[in-house]
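In case you want the letters, here they are:
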Amino acid sequence: QRFGKARPGCLGIDAGTAQAHAQALQALFLAGLPALRHPVLIPANLVVAHAADRGNFLTFRHVQAAACHRALHEAGIVTDVRGDRLRVGFGLYHT
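Just so you know, these numbers come straight off a predicted model, no measurement behind them.

The rules behind each value
Residues numbered from 1 in each chain as written. Predicted model: local features only at pLDDT ≥ 70, side-chain atom pairs only at ≥ 80, totals over all residues. Heavy atoms only, no water. Helix = DSSP H or I, 4+ residues; strand = E, 2+ residues; numbered from the N terminus. Buried < 20%, exposed > 50% of the residue type's maximum accessible area, 1.4 Å probe, protein only. Contact = heavy atoms within 4.5 Å. Areas by Shrake-Rupley, 256 points an atom, 1.4 Å probe, with all protein chains shown as cover. Salt bridge = Lys/Arg side-chain N within 4 Å of Asp/Glu carboxyl O.

Caption draft 1: Representation of the overall build of the protein. Helix and strand counts for the protein come out as 2 helices and 3 strands. Listing every helix and strand of the protein by position from the N terminus yields α-β-α-β-β. With 95 residues in all, the protein has 26% of them scored as buried. When contacts within the protein are restricted to residue pairs at least 6 apart in sequence, those whose partners lie at least 24 apart make up 57%. When the accessible area of the protein is evaluated, it comes to approximately 6800 Å², of which 59% is carbon and sulfur surface.

Caption draft 2: Spotlight on the pattern of salt bridges. One pass over the full model with this rule turns up 3 salt bridges. The salt bridge involving D84 is made with R61; its shortest N-O contact spans 3.8 Å. With D84 in the loop between strand 2 (80-82) and strand 3 (85-89) and R61 in strand 1 (residues 57-61), the pair connects residues that are 23 residues apart, well separated along the chain. Residue class for D84 comes out partly exposed when judged on its relative accessible area of 34%. With relative accessibility at 38%, the residue R61 sits in the partly exposed group. Notably, a salt bridge pairs D80 with R82, separated by 2.8 Å at the nearest N-O pair. Exposure remark for R82: the relative accessible area of 52% places this residue in the exposed category. Where salt bridges share partners, they join D80, R82 and R87 into one cluster.

This is a description of form; function is not addressed.
Below, the structure written as C-alpha cells:
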C-alpha cells in the first residue's frame with residue numbers, strides 16, 4: 001500500500017535514526033561556518049545552541065535574516081525565514 005500507515009522499522013529507519021542523521025548533518029554544517037565569515041550564519045546567532053535541544057532545523061536570529069534568505073534562494077539554497085529568524089533544515093524531507 002503506497003499511501004497508508006508507515007510500518008514500524010520501514011526501510012530500517014526510525015525516528016531516532018533520522019534525528020541522529022539530522023544532528024550529524026547539522027554538526028558538519030556548523031563546522032564549516034567559520035570559513036564563510038558570514039554575518040548571519042554564525043554559532044552565536046543560533047536560537048537553540050545545544051544539539052540535544054534542537055529539532056531538524058538550525059535557526060539563526062539576525063536582523064538581516066530576510067536578506068540572507070533571499071541571497072541563499074538566488075543561489076538555489078532552500079531556507080525558511082520568519083521575521084528575524086533564518087531556518088536551515090536537515091530533515092528527511094529536505095533535499
